[in-house]
Amino acid sequence: MSISGSAAPGGGLRLAPFRALRYVPERVGSLAAVTSPPYDVVVRPEGQRHLETADPHNVVRLILPSAEPPDGRHLKAASTLSQWQKDGVLALDPSPALYVYEQRDGGHLQRGLIGALRLTPPEERVVLPHEDVMPGPVADRAALMRATAANLEPLLLSYRGGEGPAGRIVEHAVQDAPLLATTTEDGIRHRLWAITDDDAIAAVRADLSHHQALIADGHHRWATYLRLQAEQDGPSPWDYGLVLLVDTARYPLRVRAIHRVLPQLPVALALEAARKAFRVRELPHALPQALAALEDATAEGNAFVLSGDNGFHLLDRPDPDLTALTVPHDRPEAWRRLDATVLHSLLLDRVWEVPDGPEHIQYIHDTEAAVAHAERLGGTAVLIHPVRESVVHELARQGVTMPRKSTSFGPKPASGLVLRSLEPDGTPA
């Protein structure tokens, strides 16, 4: 079946209302000050420290808790979450609801539904991943969710609904005054509405039952949801997970790249080794021109920009024989041509021999932040060009996952506006 709107296998998407756990505006400095990007987008440690000092109740203290010794981090998050509820900083909404969430970034508008999504096994192909996951982040998120008994951040899922009832109900909801409205420091405006009408909720659920969805952002958290569900003995609140579901027929997502920072590989050494497999050229010392050169080069084949030494260097025209030797042959041709595939198989594994671990490879979404981070560490930033959304969807339909951290769909939901408690009062209705 496809993501385009045909009847989905396994009964399709089942989105349930729930009582959201939300900040009480009067108990915090501002809603903007307590939000955070998703945990894996926060640049650590600089970005984490910035958020922690923005407000003592910033959600980063829950999604990226700090503690000594480190194995106490998750218990600290659980204690913090409990204390904030006792202090009235966070409170459950009075009634179960589906939530309409809107983000406006300049001229780009995105609206979707936040709810508790019934989890389904991978073989039912109701929710399609498009990237591989790493065991470390899944284990970390699982430990955090177990300790807090909460889904602290919604995943971003996309589907194509078009003119169905769910889309019409979303558009009707935004005619009313929102539950909250705030503008975060990145300039994105956020608004939230609650849908509590039983007939409207039933119409949404009936419409979505004919669709399947693509995981746009949150593969590790989805894998965590499934792991925690499997740990339970019988039906439980862990049968559901917090998601934001966006109809991309109405509100297309943006696709951006996720860059790599290699903190232990200086640019000079990276360039010397890369010349064995790529053409290497110096670029103007300005990021916009470097990215323009990267876009031009990727139109003809795989290409990357290296930075971290106050300059930019273009790698293109990879050696075809060496590429054929190193890239696996057991995947479709579209997968074998991906920049992320060639980057990991040829450059990271073969040419640079960089171990696959967080101390050696860091993933950063923001281009300027990746360059600055590499310069601070004396390492190398590897800038890549975003993959086309059509390629992502086609591989997902074939059941082929892309190399991890290949894409960044957005805008991503801000963490901190809607949380889901798995305690009895927060379970789906």
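Let us look at the structure shown here. From a predicted model like this one, the values you see are computed outputs, not experimental measurements.

Scoring rules and cut-offs
- Residues numbered from 1 in each chain as written.
- Predicted model: local features only at pLDDT ≥ 70, side-chain atom pairs only at ≥ 80, totals over all residues.
- Heavy atoms only, no water.
- Helix = DSSP H or I, 4+ residues; strand = E, 2+ residues; numbered from the N terminus.
- Rg over C-alpha atoms; globule rule 2.2 N^0.38 Å.
- Buried < 20%, exposed > 50% of the residue type's maximum accessible area, 1.4 Å probe, protein only.
- Contact = heavy atoms within 4.5 Å.
- Areas by Shrake-Rupley, 256 points an atom, 1.4 Å probe, with all protein chains shown as cover.
- Expected span 1.5 Å × (residues − 1).
- Pairing = 2+ DSSP bridges.
- Salt bridge = Lys/Arg side-chain N within 4 Å of Asp/Glu carboxyl O.
- Core = buried A, V, L, I, M, F, W, Y, C linked by side-chain atoms within 4.5 Å.
- Polar contact = N/O pair within 3.5 Å; in protein donor to acceptor, adjacent residues only side chain to side chain.
- Axes fitted to C-alpha atoms, helices over the stretch in contact; angles between N-to-C directions.
- Left-handed = near helix turned anticlockwise from the far one by under 90°.
- Nonpolar A, V, L, I, M, F, W, Y, C, P; charged D, E, K, R; others polar.

### A look at the overall build of the chain
Thinking step 1. The helix and strand inventory of the chain stands at 15 helices and 21 strands.
Thinking step 2. A compact globule built from 429 residues should have a C-alpha radius of gyration of about 22 Å, and the chain, at 22 Å, falls within 12% of that.
Thinking step 3. If you line up the chain on its principal axes, its C-alpha atoms span 65 × 50 × 45 Å.
Thinking step 4. Split into buried and exposed, the 429 residues of the chain put 57% on the buried side.
Thinking step 5. Of the contacts made within the chain by residues no fewer than 6 positions apart, 80% connect residues no fewer than 24 positions apart.
Thinking step 6. Accessible surface, the chain as shown: approximately 17700 Å² in total, 51% of it carbon and sulfur.

### Side note on helix α5 (residues 135–148)
Given 3.6 residues per turn, any residue in an α-helix points the same way as the ones three and four places further on.
Thinking step 1. Over its 14 residues, α5 extends 20 Å from the first C-alpha to the last, a length consistent with the 20 Å expected when each residue adds 1.5 Å.
Thinking step 2. Taken together, the buried positions of α5 are V138, D140, R141, A142, L144, M145 and T148.
Thinking step 3. Buried residues belonging to α5 abut α3 (60–63), α4 (73–86), β7 (150–151) and α8 (219–230).
Thinking step 4. Residue A149 follows α5 closely and has a positive phi angle near 50°.

### Examining the pairing of strand β8 (residues 155–159)
Thinking step 1. In terms of residue burial, β8 counts as a mostly covered element, since 5 of its 5 residues are buried.
Thinking step 2. Here β8 shows no split at all, with L155, L157 and Y159 on one side and L156 and S158 on the other all buried.
Thinking step 3. Bridge count for β8 against strand β12 (residues 240–247) is 5 bridges, and the pairing is parallel. Along β12, the bridge assignment pairs S158 with V246.
Thinking step 4. Relative to strand β11 (residues 213–217), β8 runs antiparallel, the two being bridged by 3 bridges. Residue pairing for β11: L156 is matched across the bridge by D217.

### A few points about the pattern of salt bridges
Thinking step 1. Enumeration according to the criterion identifies 20 salt bridges in this entry.
Thinking step 2. In this structure, R73 and D140 form a salt bridge, with 3.0 Å as the shortest nitrogen-oxygen distance. Residue R73 is found in helix α4, and its partner D140 is found in helix α5; the two are separated by 67 residues along the sequence.
Thinking step 3. For R281, the salt bridge identified is with D316, shortest N-O distance 3.0 Å. Note that R281 is positioned in strand β15 (residues 279–283) and D316 in strand β17 (residues 312–316), a separation of 35 residues in sequence.
Thinking step 4. Accessibility expressed as a relative area gives 5% for D316, which makes it buried.

### Considerations on the nonpolar core
Thinking step 1. Counting residues in hydrophobic clusters, the biggest one holds 120 residues, and the most contacted among them are Y23, I114, I195, W222, L347 and W352.
Thinking step 2. One finds L283, F312, L314 and L383 within the second-largest nonpolar core, a separate group that totals 18 residues.

### Considerations on the environment of Q103
Thinking step 1. With respect to the helices and strands, Q103 occurs in strand β4 (residues 98–105).
Thinking step 2. According to the relative accessible area criterion, Q103 is buried, its value standing at 1%.
Thinking step 3. In the structure, Q103 is positioned 88 residues away from R191 in sequence and 6.7 Å away in space, judged by C-alpha atoms.
Thinking step 4. Excluding anything up to four places from it in sequence, Q103 contacts H108, L109, Q110, I188, R189, H190, L244, P411, K412, P413 and A414.
Thinking step 5. A polar atom in the side chain of Q103 sits 2.7 Å from the backbone oxygen of K412.

### What about the packing of α4 against α5?
Thinking step 1. The N-to-C vectors of α4 and α5 enclose an angle of 35°; their axes lie 8 Å apart at closest approach. Taken as a pair, α4 and α5 cross one another with a handedness that is right-handed. Contact with α4, carried on its side by R73, H74, L75, A77, A78 and L81, involves D140, A143, L144, A147 and T148 of α5 and no other residues of that element.
Thinking step 2. Residues belonging to the contact of α4 with α5 are distributed by class as follows: 7 nonpolar, 2 polar and 2 charged.

### Remarks on the sheet that holds β17
Thinking step 1. Ordered in space as β15-β17-β16-β19-β14-β18, the 6 strands form an open sheet in which the pairing is antiparallel. Edge positions in the sheet fall to β15 and β18 (362–364), since each has one partner strand and no second. Averaged over all adjacent pairs, the angle separating strand axes in this sheet is 25°, with direction ignored.

### A look at the packing of helix α6 (residues 165–173) against helix α7 (residues 198–208)
Thinking step 1. Contact pair α6 / α7: the axes reach a minimum separation of 8 Å and the direction vectors enclose 140°. On α7, the residues touching P165, A166 and I169 of α6 are A200, A203, V204, D207 and L208.
Thinking step 2. When grouped by side-chain class, the residues that make up the contact of α6 with α7 number 7 nonpolar, no polar and 1 charged.

### Focus: the side chain of T341
Thinking step 1. Relative to the helices and strands, T341 resides in helix α13 (residues 339–351).
Thinking step 2. With a relative accessible area of 1%, T341 lands in the buried category.
Thinking step 3. The residues touching T341, leaving out its near neighbours within four places in the chain, are V327, W335, R336, L346 and P403.

### Examining α8
Thinking step 1. Between its first and last C-alpha, α8 extends 17 Å over 12 residues, near the 16 Å set by a 1.5 Å rise per residue.
Thinking step 2. Most of α8 is tucked away, with 9 of its 12 residues classed as buried.
Thinking step 3. Taken residue by residue, α8 has H219, H220, R221, W222, T224, Y225, L226, L228 and Q229 as its buried positions.

### Focus on the side chain of T298
Thinking step 1. Relative to the helices and strands, T298 resides in helix α10 (residues 287–298).
Thinking step 2. Not counting chain neighbours up to four residues away, the residues in contact with T298 comprise A303, D339 and H385.

As far as function goes, none of this settles anything; it's purely spatial.
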